[in-house]
Amino acid sequence: MKILTVLGARPQFVKANVISRILRQQAREVLVHTGQHYDYNMSDIFFKELGIPEPDYNLGISGGSHGQMTGKMLIAIEEVIQKEKPDAVLVYGDTNSTLAAALAAVKLHVPVCHVEAGNRLGTLSNPEEVNRICTDHISTLRLVCTESAMKFLEKEGLAEQSILTGDPMYDAFVYYASRLTDSDRKNVTGLDGKTVHMPESFYYLTCHRQENTDTDEKLFQILSAMNSLDAPTIYPVHPRNHDRALRICEKNKLANVILTQPVGYLTSISLVNGAKKIVTDSGGLQREAFFGQKQCVFVLDYVVWPETMVGNRNQLAKPDKGDILSKLSAQQHVDPSYMPFGDGHAAEKICQAILSLEQQKKAD
Ligand code: UD1
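Values in this document were obtained by computation on a predicted structure and should not be read as measured data.

This part takes up the overall build of the protein chain. Scanning the protein chain for helices and strands turns up 15 helices and 13 strands. Here the protein chain has a C-alpha radius of gyration of 20 Å; the compact-globule value for 364 residues is 21 Å, and the two agree. With respect to the principal axes defined by its C-alpha atoms, the protein chain has extents near 65 × 40 × 40 Å. If you sum the accessible surface of the protein chain, you get close to 15000 Å²; carbon and sulfur atoms cover 51% of it. Positive and negative charge centroids in the protein chain, built from 38 and 43 side chains respectively, lie 2 Å apart.

This is the structure in structure tokens:
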């Protein structure tokens, strides 16, 4: 079986790594990198650290409006599919790269397998929500991380060919968290290019979503909440809001917030394990906080991963200093054996489901 996998953004590299490792034992995989993330710290470092094979194609498409980026990717991926003639196209999550690949494949009658299907916020004003709804509805196979996502798919009439596999991000966390070295945690570079002297005690912030970073006001609220805490905050900044974050911190003398360059996966999960608490607007990091049993505050108007929202382990906050601080001060109480993201073997189940498409085809 020949699988064409399309990746483009940071969190997809992590998931693809655990799945490709198994898939390649039984199938031929052609890897396409759309180029959506392209800086060394946003892309290459993941391939290097995690040993992901070099992409067979790098389309070099990034930036611009959502329509421009998705449209250019659609054209380029269609050409690759026509040339490679895969048996299936494998996509991950909810980025513009995901939607473009799924659209290109379905129009060419190539089955789409969607990992991380079924999550819903309930608003089309979130760009990722649009991507995930469209991708789910044009997929042949939906690989689902959690029961709540399965329920959304059932409601939308998509229960058939939707399989609860568990979360490959959990697989990756289980695998790599036990292999971290001291240098992974220290491998943090400041915006000035110098190695950051890591404090013993710190909070970990990531904040990059369009909803929180497109104006000064919201990002200022988040950063001033972090600045007022009892330990410094490590904040690796996404290139989209690098300039804004730097300006806000300098103008308001937010010296308790340490801005750094984006970090690789291994450093990120060692920051999760070392942090007092975590504040984020990332779907991936809030799950990693959950896996590492760290208390987290998720800054957005909508719940993305309802399974994490138990016993104050993860709480929703507005981009508002008072709300964030009040949520951070709560105590968490979660049964440590509660693990709604599978058994750490989601990747095997995902690969099995994909490979069974070929058997179904032969049987038809
Ligand atoms: C994308 C995903 C989001 C995911 C995030 C992970 C969509 C709609 N959103 O958001 O779901 O959580 O990736 O990080 O696909 N940029 C650089 N260097 C890079 C990457 C991006 O400078 O290596 C710039 C781009 O040129 C662009 C901006 O950052 O101007 C935003 O990047 P983009 O890929 O559009 O979306 P993300 O915010 O990264």
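As a further point, take the sheet that holds strand β7 (residues 162–164). Picture the strands of a sheet paired through backbone hydrogen bonds; they go either parallel or antiparallel. Pairing is parallel across the open sheet formed by seven strands, whose spatial order is β3-β2-β1-β4-β5-β6-β7. For this open sheet the edge positions go to β3 (57–58) and β7, each flanked by a neighbour on one side alone. Sheet topology note: the strand β4 (residues 88–92)/strand β5 (residues 112–117) ladder contains four bridges and is parallel. Its bridge partner lying in β5, Tyr-92 is registered against Val-115. Lying over the sheet, helix α1 (residues 10–23) contacts β1 (2–7), β2 (28–33), β4 and β5, oriented at roughly 140° with respect to β4. Sheet strands touched by helix α4 (residues 96–107): β1, β4 and β5. Its angle to β4, the strand with the most contacts, is close to 160°.

A separate point is the environment of Ala-289. Looking at the secondary structure, you find Ala-289 in helix α13 (residues 283–291). Overall, Ala-289 belongs to the buried group, its relative accessible area being 0%. Note: C-alpha distance between Ala-289 and Val-272 (17 residues apart in sequence) is 6.1 Å. Excluding its chain neighbours within four sequence positions, the residues that come into contact with Ala-289 are Val-272, Ile-278, Lys-294 and Cys-296.

Once that is clear, we can look at unusual backbone geometry. Here His-109, not a glycine, exhibits a phi torsion of approximately 60°, which is positive. Here His-109 shows up in the loop between α4 and β5. Take His-109: its relative accessible area is 73%, and that puts it in the exposed class. Unlike most non-glycine residues, Gln-293 shows phi in positive territory, near 60°. Looking at the element boundaries, Gln-293 is found in the loop between α13 and β12 (296–299).

What follows deals with the environment of Thr-260. Counting through the fold element by element, Thr-260 comes out in strand β10 (residues 257–260). For the pair Thr-260 and Val-80, spaced 180 residues apart in the sequence, the C-alpha separation amounts to 37 Å.

Turning to the packing of α1 against helix α7 (residues 168–177), a few remarks are in order. At a minimum axis separation of 9 Å, α1 and α7 run at an interaxial angle of 80°. Relative to α7, the element α1 lies roughly perpendicular. Two secondary-structure elements touch here, α1 through Pro-11, Val-14, Lys-15, Asn-17, Val-18, Ile-19 and Arg-21 and α7 through Pro-168, Met-169, Asp-171, Ala-172, Tyr-175 and Tyr-176. Considering only residue class, the contact of α1 with α7 consists of nine nonpolar, one polar and three charged.

Attention shifts here to helix α6 (residues 147–155). Among the residues making up α6, those that are buried are Ser-148, Ala-149, Met-150 and Leu-153. Turning to α6, the residues buried within the fold contact β5, α5 (127–137), β6 (141–144) and β7. A positive phi of about 75° marks Gly-157, the residue just after α6.

Evaluation of the coordinates by the stated rule reveals 20 salt bridges. In this structure, Asp-216 and Arg-244 form a salt bridge, with 2.6 Å as the shortest nitrogen-oxygen distance. One end of the pair, Asp-216, is in helix α10 (residues 216–227); the other, Arg-244, is in helix α11 (residues 242–251), with 28 residues separating them in the sequence. Residue Asp-216 is classed as partly exposed on the basis of its relative accessible area of 27%.

A few words now on the site of the ligand. If you check the shell around the ligand, you find 20 residues, and the closest are Gln-36, His-37, Tyr-38, Glu-128 and His-238. At 2.9 Å from an oxygen atom of the ligand is found a main-chain nitrogen or oxygen belonging to Asp-39. At 2.7 Å, a side-chain N or O of His-238 approaches an oxygen atom of the ligand. Elements that contribute at least two residues to the shell around the ligand include exactly α1, α3 (66–84) and α5.

By the definition in use, this model includes 10 aromatic pairs. Summarising the aromatic geometry, the rings of Phe-290 and Phe-341 are spaced 5.6 Å apart at their centres and angled 65° between planes, so their arrangement reads as edge-to-face. Of the two residues, Phe-290 is situated in helix α13 and Phe-341 in the loop between α14 (321–328) and α15 (346–363); the sequence distance between them amounts to 51 residues. These aromatic residues form a ring-pair network of at least three members: Tyr-170, Phe-173, Phe-290, Phe-291, Trp-305, Tyr-338 and Phe-341. Lying across the ring of Tyr-175, Arg-179 places its NZ or CZ 3.7 Å from the centre.

Conventions adopted
Residues numbered from 1 in each chain as written. Predicted model: local features only at pLDDT ≥ 70, side-chain atom pairs only at ≥ 80, totals over all residues. Heavy atoms only, no water. Helix = DSSP H or I, 4+ residues; strand = E, 2+ residues; numbered from the N terminus. Rg over C-alpha atoms; globule rule 2.2 N^0.38 Å. Areas by Shrake-Rupley, 256 points an atom, 1.4 Å probe, with all protein chains shown as cover. Lys, Arg positive; Asp, Glu negative; His and termini not counted. Charge placed at Lys NZ, Arg CZ, Asp CG, Glu CD. Pairing = 2+ DSSP bridges. Contact = heavy atoms within 4.5 Å. Axes fitted to C-alpha atoms, helices over the stretch in contact; angles between N-to-C directions. Buried < 20%, exposed > 50% of the residue type's maximum accessible area, 1.4 Å probe, protein only. Parallel < 35°, antiparallel > 145°, perpendicular 65-115°, else oblique. Nonpolar A, V, L, I, M, F, W, Y, C, P; charged D, E, K, R; others polar. Salt bridge = Lys/Arg side-chain N within 4 Å of Asp/Glu carboxyl O. Near = heavy atom within 4 Å. Polar contact = N/O pair within 3.5 Å; in protein donor to acceptor, adjacent residues only side chain to side chain. Phe/Tyr/Trp six-rings, centres within 6.5 Å; stacked < 30°, edge-to-face > 60°. Lys NZ or Arg CZ within 6 Å of the ring centre and 35° of its normal.

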